[in-house]
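Residues per chain are reported as follows:
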Amino acid sequence: MPHLTLQISPGGPLVDVLVTASEERREALRRVGQPIPQPIQVRALIDTGASCTCVDPAVLRGLGLTPTGSTPIHTPSTGGALHNAEQYDVCIIFRNPEISLELPTVPVVAAELQVQGIQALLGRDVLTTCLLVYNGQRGFFTLAY
Amino acid sequence: MTNSLEKELLTYREKLPELKDQEGKFVLIQGDTVVNVYDTYADALKEGYDKFGVSPFLVKKIEAIEQVQYITRPLVFPCPT
């Protein structure tokens, strides 16, 4: 089973991933002769408290993406109300000496994360297909697909 | 950065009673037109890009009661334009 093991940092289980347009969008851009955006490296926090994956809008802007979805979302910052968040379709790539894995089509919510020192939250939607081991005693975590 | 999908979301809400028997599948909508329903998110997205290129369209999971996403940390969302 391909896997990667990294140290748990003071910010939590952080992993660098590449984000680019989804496979379907890249194909559409190719067909009309528009440039394909280069993948952007982002620092992502593995967050089991997030039911969906979120990406900072600056990253989505850098990829020239437009929304293709919308979902109601609840966070402590929305209070008792729901917020209808825009969703974008992206491809997430884990590229590391230990693992090379591409998730070609992932819906993500745009959320300001840069201020928290990260650019993405990897939520349970992405974790649903993997095995996550959090070894707090030894100070590392393993993500296996 | 964003294109509002307000019109497509309105169409989704209007057409939901007709779509309910296909709950769990994914509907592709542009403007006030329901294009079709697909088994997977990726299939609906592919058809959207095939038909409309990078023009706005909506892909939405058909749910009688919409599933809410929960995030336990405070987040700030960008304003749609």
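Calculation criteria
- All chains use their own residue numbering, which begins from 1 and follows the written sequence.
- Following the order in which they are written, the chains are lettered starting with A and the ligands numbered starting with 1.
- Side-chain atom pairs in this predicted model are given and counted only at pLDDT of 80 or more, local residue features only at pLDDT of at least 70, and totals for whole chains, interfaces and linings cover all residues.
- Calculation of side-chain values draws on the structure's entire complement of heavy atoms; hydrogens and water are dropped beforehand.
- Under the scheme used here, helices are H or I runs from DSSP no shorter than 4 residues and strands are E runs no shorter than 2 residues, and both carry numbers assigned from the N terminus.
- Throughout, exposure labels follow a simple rule: accessible area from a 1.4 Å probe, protein chains only, divided by the maximum for the residue type, with under 20% read as buried, over 50% as exposed, and the rest as partly exposed.
- For this analysis, residues touch if any pair of their heavy atoms sits within 4.5 Å.
- Residue exposure ignores everything except the shown protein chains as possible cover, and the areas themselves are Shrake-Rupley values with a 1.4 Å probe.
- In this count, Lys and Arg are taken as positive residues and Asp and Glu as negative ones, while His and the chain termini are left out.
- Charge positions are represented by NZ for Lys, CZ for Arg, CG for Asp and CD for Glu.
- Note on terminology: disulfide denotes any pair of cysteine sulfur atoms within 2.5 Å.
- Grouping buried Ala, Val, Leu, Ile, Met, Phe, Trp, Tyr and Cys residues that are joined through side-chain atoms within 4.5 Å yields what is termed a nonpolar core.
- A strand pair is defined by DSSP finding two or more bridges across the two strands.
- Where helices are involved, their axes are fitted lines through C-alpha atoms of the stretch in contact, as for all axes, and angles between N-to-C directions lie from 0 to 180°.
- Surface patches are drawn from residues lacking salt bridges whose relative accessible area is over 30%; two like charges belong together within 9 Å, two nonpolar side chains (Val, Leu, Ile, Met, Phe, Trp, Tyr) within 5 Å.
- Any Lys or Arg side-chain nitrogen located within 4 Å of an Asp or Glu carboxyl oxygen qualifies as a salt bridge.
- A helix is expected to span 1.5 Å multiplied by its residue count minus one.

What follows is about the overall build of chain B. Scanning chain B from N- to C-terminus turns up two helices and four strands. Taken from the N to the C terminus, the helices and strands of chain B come in the order α-β-β-α-β-β. When the backbone C-alpha atoms are referred to their principal axes, chain B occupies close to 35 × 30 × 25 Å. Within chain B, the proportion of its 81 residues that are buried is 41%. Within chain B, counting contacts between residues at least 6 apart in sequence, those at least 24 apart form 52% of the total. Total accessible area on chain B is roughly 4500 Å²; 50% of this is exposed by carbon and sulfur atoms. Side-chain charges of chain B comprise 10 positive and 13 negative groups, with the mean position of each set lying 3 Å from the other.

Our focus in this paragraph is the state of the cysteines. Residue and element names in this part refer to chain A. As enumerated under the stated definition, the model contains zero disulfides over all chains in all. Residue Cys 52 stays outside any disulfide, its sulfur separated by 4.4 Å from that of Cys 54, the closest cysteine. Residue Cys 52 is classed as buried on the basis of its relative accessible area, which comes to 5%.

All names here are of chain A. Counting 31 residues, the largest nonpolar core has Val 17, Phe 94 and Tyr 145 as its most contacted members. Where this core is concerned, the elements lending two or more residues are β2 (14–21), β3 (40–46), α2 (57–62), β6 (83–96), β7 (99–110), β8 (120–122), α3 (124–127) and β10 (140–144). If you tally residues by element for this core, the top one is β7, at six residues. Here Tyr 145 is in contact with Met 1, Pro 2, Phe 94, Ile 99, Leu 101, Leu 103, Val 126, Thr 129 and Cys 130, once residues within four sequence places are set aside.

We now examine the sheet that holds β10(A). Strand pairing in a sheet takes place through backbone hydrogen bonds and is either antiparallel or parallel in direction. Residue and element names in this part refer to chain A. Judged by pairing direction, the sheet is antiparallel, and its three strands sit side by side in the order β1-β10-β9 without closing on themselves. With partners counted over all chains shown, the strands left at the sheet margins are β1 (3–7) and β9 (131–135), one partner each. Mean inter-strand twist for the sheet, computed between neighbouring axes without regard to direction, equals 10°. When β1 meets β10, the two strands line up antiparallel, connected through five bridges. Directly across from His 3, in β10, lies its bridge partner Ala 144.

Turning to a nonpolar patch on the surface, a few remarks are in order. Taken together, the side chains of A:Met1, A:Leu131 and A:Val133 make up a nonpolar region of the molecular surface, amounting to roughly 310 Å² of accessible area. By relative accessible area, which is 46% here, A:Leu131 ends up partly exposed.

What follows deals with helix α1 (residues 6–19) of chain B. A rise of 1.5 Å per residue sets the reference length of α1(B), with its 14 residues, at 20 Å; its end C-alpha atoms lie 19 Å apart and thus fit the reference within 8%. Here α1(B) has its buried residues at B:Glu8, B:Leu9, B:Thr11, B:Tyr12, B:Leu16 and B:Leu19. In this structure, the buried residues of α1(B) make contact with β5 (69–74) of chain A together with β1 (26–30), β2 (33–38) and β3 (58–61) of chain B.

Glancing now at the environment of A:His83. Checked against the element boundaries, A:His83 lands in strand β6. Given the relative accessible area of 25%, A:His83 is considered partly exposed. Taking the C-alpha atoms as reference points, A:His83 and A:Ile93, ten residues apart in sequence, are found 28 Å from one another. Those residues in contact with A:His83 that sit more than four places away from it in its chain are A:Thr71, A:Pro72, A:Ile73, A:Thr78 and B:Phe77.

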